[in-house]
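Chain residues, written in single-letter form:
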Amino acid sequence: MTASGEEGVFTMPSYENEPLRLAMQENTDKKQVQQIFASIAPAYDCPATRFFPFCADRLVNYVRPKPGSKVLDVATGTGAVAVPFAQAIGASGRVTAVDFSTGMLDRAEANIRKMALDNVDLHEMDAERLDFRSNYFHTVVCSYGLFFLPDMPGALREWVRVLRPGGKLAFTSFEETAFQPMLDDFVARLQAYGVKLPDGPFGPRRIASLEHCRELLHDAGLVEVAAECEQIGYHLSDENDWWEVVSGTAIRALFDQLADDRKDAFRTEHLAWVAAQKTGNGLWLDVQTRFASGIKPAASS
Ligand SMILES: C[S@@+](CC[C@H](N)C(=O)[O-])C[C@H]1O[C@@H](n2cnc3c(N)ncnc32)[C@H](O)[C@@H]1O
């Protein structure tokens, strides 16, 4: 990935991939997530999933980064958050964006070039093991990424480590109603087709509520903790747009567990059910999103 324009950010003179490889060898959950994003990267930036950039714009308003500040975007994906933050902080500021999926980062690089931004550095890095100096960034953000990490409290502590005292950390996650009722039908039908789902909450459900968001931030040592919900949904045209949402998000990983010879039948049945949910405006895509933030107290290191 692109070399940093800012040498001072690193704990080592230059970033090497060895720590990432070691972390990945240890953790099969992470490898699975990495494989999922390798396969969805080509379909990620599509019109049906425009809630990603919509959410990123809201996150800029929520955080209000100062011009000239240093921002870390964790789990940047294709750069949906890095781009509007880079625009908001201006040429004297810098966004450092990390992800562990090279497929997503390649897209991010193209998106950043398309927007003619030269204040963004991309790095292939594990969100749970940052190779950055302590107390460096004015702002740390992560949109729709925290719930993919096996150790959410540990990851937050790591993000707080690299945040300056007085700096703000903010993350977003999906509310339970997001993608409903289509997602419930999708999951129930997959189970009826014999797909075994993980025991207990998985994916976005690992963050249960606004209260849980606040708890995670408090436990990471932050103060002035806040969390609120915002609806950033919109109407899709039809069931084919919904299938674009499935294909361009991690929901697709569940479908990929079906045997190849059963996929067509499943898709046809599920999309017939989805088509029946349309109203005169099309198909409502609920994207109720939680925005949570906290400040690193002046005394912490
Ligand atoms: C749903 S995408 C969100 C991307 C972006 N923040 C956005 O809002 O569009 C989740 C991203 O988290 C990344 N990710 C998941 N686990 C990670 C980890 N352990 N380290 C780094 N990135 C990770 C994935 O590769 C993927 O790009």
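Throughout this document, residue positions are counted from 1 along each chain, in the order its sequence is written. Where local features are concerned, this predicted model is filtered to residues with pLDDT of at least 70; where side-chain atom pairs are given and counted, the filter is 80 or more; whole-chain, interface and lining totals use all residues.

Per the secondary structure count, the protein chain includes eleven helices and nine strands. Atoms considered for the radius of gyration are the C-alpha atoms alone. The globule rule reads 2.2 Å times the number of residues to the power 0.38. For 301 residues, the compact-globule estimate of 2.2 N^0.38 gives 19 Å, and the protein chain sits close to it at 19 Å. A principal-axis box enclosing the C-alpha atoms of the protein chain has dimensions of 55 × 40 × 40 Å. Burial is judged by counting other C-beta atoms within 10 Å of a residue's own C-beta: 20 or more means buried, 12 or fewer means exposed, and anything between counts as partly exposed, with every C-beta placed from the backbone. Taken across its 301 residues, the protein chain has 41% of its residues classed as buried. Placing C-beta atoms from the backbone, we regard two residues as in contact once those atoms come within 7 Å. In the protein chain, the share of contacts with a sequence separation of at least 24, taken over all contacts with a separation of at least 6, comes to 84%. Counting from the N terminus, the helices are DSSP H or I runs at least four residues long and the strands are E runs at least two residues long.

Mapped onto the elements of the fold, Asn135 is located in the loop between strand E3 (120-124) and strand E4 (137-143). A sequence separation of 31 residues divides Asn135 from Gly166, and the C-alpha atoms of the two residues are 9.8 Å apart.

The subject of this paragraph is the sheet that holds strand E9 (residues 288-295). Strands in a sheet are paired, the pairing made by backbone hydrogen bonds, and the direction either parallel or antiparallel. In short, DSSP must find at least two bridges between two strands for them to pair. Taking strand neighbours across the sheet as the criterion, the seven strands line up as E3-E2-E1-E4-E5-E9-E6 in an open arrangement whose pairing is mixed. A strand with exactly one partner marks an edge of an open sheet, and here the two such strands are E3 and strand E6 (223-231). Looking at each pair of strands side by side, their axes are set apart by 15 degrees on average, direction ignored. Where strand E5 (residues 163-174) lies against E9, seven bridges are found, and the strand directions are antiparallel. Bridge pairing links Thr172 to Phe291 in E9. Convention adopted: a line fitted to C-alpha atoms gives each axis, helices being fitted over their contacting stretch, and angles between N-to-C directions are expressed from 0 to 180 degrees.

Bringing the site of the ligand into the picture now. Nearness between a residue and a molecule or strand is assessed with a C-beta atom placed from the backbone; a distance within 6 Å qualifies. As a structural note, the neighbourhood of the ligand is formed by 22 residues, with Ala75, Gly77, Ala80, Ser101 and Ala127 the closest of them. Among the secondary structure elements, those contributing two or more residues to the shell around the ligand are helix H2 (28-44) and helix H3 (51-63). Considering every element that reaches the shell around the ligand, the biggest residue donor is H2, with three residues. Its residues assigned to classes, the shell around the ligand comprises 13 nonpolar, five polar and four charged. Put simply, Ala, Val, Leu, Ile, Met, Phe, Trp, Tyr, Cys and Pro go in the nonpolar bin, Asp, Glu, Lys and Arg in the charged bin, and everything else, Gly too, in the polar bin.

We now examine H2. The end-to-end C-alpha distance of H2 is 23 Å, a good match for the 24 Å that 17 residues give at a rise of 1.5 Å each. The largest bend in H2 amounts to roughly 35 degrees and is located at Ala38, with the proline Pro42 lying one to four residues further along. Inspection of H2 places Lys30, Val33, Phe37, Ile40, Ala41 and Tyr44 among the buried residues, and these make up the whole buried set. Each helix should span, by expectation, one fewer than its residue count multiplied by 1.5 Å. Two axes enter the definition of the bend at a residue: one is fitted to the seven residues ending there, the other to the seven starting there, and the bend is the angle between them.

To continue, consider the domain arrangement of the protein chain. Domain start and stop positions are those given by an automatic or database domain assignment. What the domain assignment reports for the protein chain is domain 1 (1-174 + 207-233 + 288-301) and domain 2 (175-204 + 234-285). A separation of 27 Å is found between the C-alpha centroids of domain 1 and domain 2. Listing elements by their share of the side of domain 1 that touches domain 2, those giving two or more residues are H2, E5 and E9. Considering every element that reaches the side of domain 1 that touches domain 2, the biggest residue donor is H2, with four residues. Classifying every residue of the side of domain 1 that touches domain 2 by side-chain character gives ten nonpolar, five polar and one charged.

This brings us to the packing of H2 against helix H5 (residues 102-114). Contact pair H2 / H5: the axes reach a minimum separation of 7 Å and the direction vectors enclose 25 degrees. As judged from the angle between their axes, H2 and H5 are roughly parallel. Side by side, H2 and H5 meet where Phe37, Ala38, Ala41 and Tyr44 of the first sit next to Gly103, Met104 and Arg107 of the second. Broken down by class, the residue content of the contact of H2 with H5 amounts to five nonpolar, one polar and one charged. Angles below 35 degrees are treated as roughly parallel, those above 145 as roughly antiparallel, those between 65 and 115 as roughly perpendicular, and all remaining angles as oblique.

Moving on to the packing of helix H9 (residues 239-247) against helix H11 (residues 260-275). Between H9 and H11, the shortest axis-to-axis distance is 9 Å and the interhelical angle comes to 125 degrees. Between H9 and H11, the crossing angle belongs to the class labelled oblique. Read as a crossing pair, H9 and H11 show a hand that is right-handed. Within the contact between the two elements, H9 uses Glu239, Trp242 and Trp243 and H11 uses Leu271, Val274 and Ala275. Looking at the contact of H9 with H11, its residues break down into five nonpolar, no polar and one charged. Handedness of a crossing is defined here by the sense of rotation of the near helix relative to the far one, left-handed for an anticlockwise turn of less than a right angle and right-handed for a clockwise turn.

Moving on, we come to the nonpolar core. Under the definition applied here, buried Ala, Val, Leu, Ile, Met, Phe, Trp, Tyr and Cys residues are grouped into a nonpolar core through C-beta atoms within 7 Å. If you look at the biggest cluster of nonpolar residues, it comprises 80 residues, and the most contacted ones within it are Ala82, Val140, Val141, Trp159 and Val162. Counting contributing residues per domain, this core is built from domain 1 (1-174 + 207-233 + 288-301) and domain 2 (175-204 + 234-285), each supplying no fewer than three. If near-sequence neighbours (up to four positions away) are discounted, Ala82 is found in contact with Asp73, Thr76, Val95, Ala97, Ala108, Ile112 and Val120.

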